[in-house]
Amino acid sequence: MKITNTSKQKDFVKLSEEWFDNQAKVYDETDTILYSKYGKISCKNICDYLADKTYQTLLDVGCGTAYLIELLSKTHDAKHVGLDLASEMIRQAGKKNIDGAEFVVGRSDGLPFEDNSFDVVTCSQSFHHYPDTDKAMQEAFRVLKPGGIYILSDTGVGFFRMFGVMIDNFVYTRFGNTGDCNVSYLNKSIRDLKRNGFEIVKGEKLTTFIYTVVARKR
Ligand SMILES: C[S@@+](CC[C@H](N)C(=O)[O-])C[C@H]1O[C@@H](n2cnc3c(N)ncnc32)[C@H](O)[C@@H]1O
């Protein structure tokens, strides 16, 4: 059963853009759930996975203030590209002057890159803001080189799985103004990734609510 929030009543992309434009200046330093707390956990986990891997090109979708790219650039001599919906988050990312990094404003469902251009695509704590999650996975798949790695780390429902997904996506997201619209969980994201052509390398829960899936483009 595919559960995707298709509510026509709210423009979740616009809400996400406004939410993150407004918090961009204080995102990094505000270590709470609605700011960078979960992002820091996901980014650290992605860095740990990539620590002993080599790559030449990495795209971080929903890069925010470049927390992940800043960490990775200290250990990997590679081209790092960050893409984000919110221009203020991208402005903060640019201010960090990270060697070998470039940042663009854009959307997960229409990546402005050629097919087969990246060795790695990452997505940290951004995916639950995407109205069309299949399209986001397909875009990540398209821009990855064959054999390339997609690392998706996100907040999921901790309990009751399908029931929790329905509560989050059809109750919470109707009343919230954060742009959250598709909360998932580890096994559901694994199923969705497989349906969109990926093979799964590993999946793990980092905390009750946070999970990471590493997948490969066949
Ligand atoms: C919680 S922040 C995470 C930022 C960063 N990845 C981290 O882990 O610190 C979510 C980010 O996703 C971005 N975002 C939300 N919807 C998006 C979309 N449809 N396309 C691209 N970026 C999006 C937001 O603007 C925001 O910067």
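Definitions and limits used
- Residues numbered from 1 in each chain as written.
- Predicted model: local features only at pLDDT ≥ 70, side-chain atom pairs only at ≥ 80, totals over all residues.
- Helix = DSSP H or I, 4+ residues; strand = E, 2+ residues; numbered from the N terminus.
- Buried ≥ 20, exposed ≤ 12 C-beta atoms within 10 Å, placed from the backbone.
- Contact = placed C-beta atoms within 7 Å.
- Expected span 1.5 Å × (residues − 1).
- Near = placed C-beta within 6 Å.
- Nonpolar A, V, L, I, M, F, W, Y, C, P; charged D, E, K, R; others polar.
- Core = buried A, V, L, I, M, F, W, Y, C linked by C-beta atoms within 7 Å.

Peer 1: Looking at this structure, I do not really get the overall build of the protein. What am I missing?
Peer 2: Looking only at helices and strands, one finds seven helices and seven strands in the protein. Across the protein, helices and strands are ordered from the amino to the carboxyl terminus as α-α-β-α-β-α-β-β-α-β-α-α-β-β. In the protein, which comprises 218 residues, the share counted as buried stands at 44%. Sequence-distant contacts in the protein: of pairs separated by 6 or more residues, those separated by 24 or more amount to 68%.

Peer 1: When you look at helix H2 (residues 37-50) in this model, what are you seeing that I'm missing?
Peer 2: Within an α-helix, residues lying three or four positions from one another point in the same direction, as the helix has 3.6 residues per turn. For H2, with 14 residues, the first-to-last C-alpha span of 21 Å sits near the 20 Å given by 1.5 Å per residue. Those residues of H2 that are buried are in contact with helix H3 (67-75), strand S4 (118-124), strand S5 (144-155) and strand S7 (210-217).

Peer 1: When you look at the environment of Ala-215 in this model, what are you seeing that I'm missing?
Peer 2: Note that Ala-215 resides in strand S7. Classification of Ala-215 by C-beta neighbours within 10 Å gives buried; the count is 27. Separated by 63 residues in the primary sequence, Ala-215 and Leu-152 have C-alpha atoms spaced 8.2 Å apart. When residues no more than four places from it in sequence are discounted, the contact partners of Ala-215 are Tyr-150, Leu-193, Phe-198, Glu-199, Ile-200 and Val-201.

Peer 1: Got a minute to help me understand the environment of Pro-112 in this structure?
Peer 2: Checked against the element boundaries, Pro-112 lands in the loop between strand S3 (101-105) and S4. Taking the C-alpha atoms as reference points, Pro-112 and Val-143, 31 residues apart in sequence, are found 9.2 Å from one another.

Peer 1: What exactly am I supposed to notice about the site of the ligand here?
Peer 2: Near the ligand lie 23 residues; those nearest to it are Gly-39, Gly-62, Gly-64, Ser-124 and Ser-126. Residue assignment for the shell around the ligand shows that the elements contributing at least two residues are helix H1 (12-23), H2 and H3. Per-class residue counts for the shell around the ligand are ten nonpolar, eleven polar and two charged.

Peer 1: Hey, could you run me through unusual backbone geometry in this one?
Peer 2: Leaving glycine aside, a negative phi is the common case for residues, and trans is the common case for peptide bonds. The phi dihedral of Asn-97 is positive, around 45°, even though this residue is not glycine. Turning to its location among the elements, Asn-97 is positioned in the loop between helix H4 (87-95) and S3. The exposure class assigned to Asn-97 is exposed, which follows from the 7 C-beta atoms found within 10 Å. A positive phi angle, near 55°, is found at Gln-125, a position not held by glycine. Following the sequence through the fold, Gln-125 ends up in the loop between S4 and helix H5 (133-143).

Peer 1: Teacher, can you tell me more about the nonpolar core here?
Peer 2: When a protein is soluble and globular, its nonpolar side chains tend to lie buried together. By size, the foremost hydrophobic cluster in this structure holds 51 residues, and its most contacted members are Leu-59, Ala-66, Leu-68, Val-121, Ala-140 and Tyr-150. Leaving out residues up to four positions away in the same chain, Val-121 has contacts with Leu-59, Val-61, Ala-140, Val-143, Leu-144, Gly-148 and Tyr-150.

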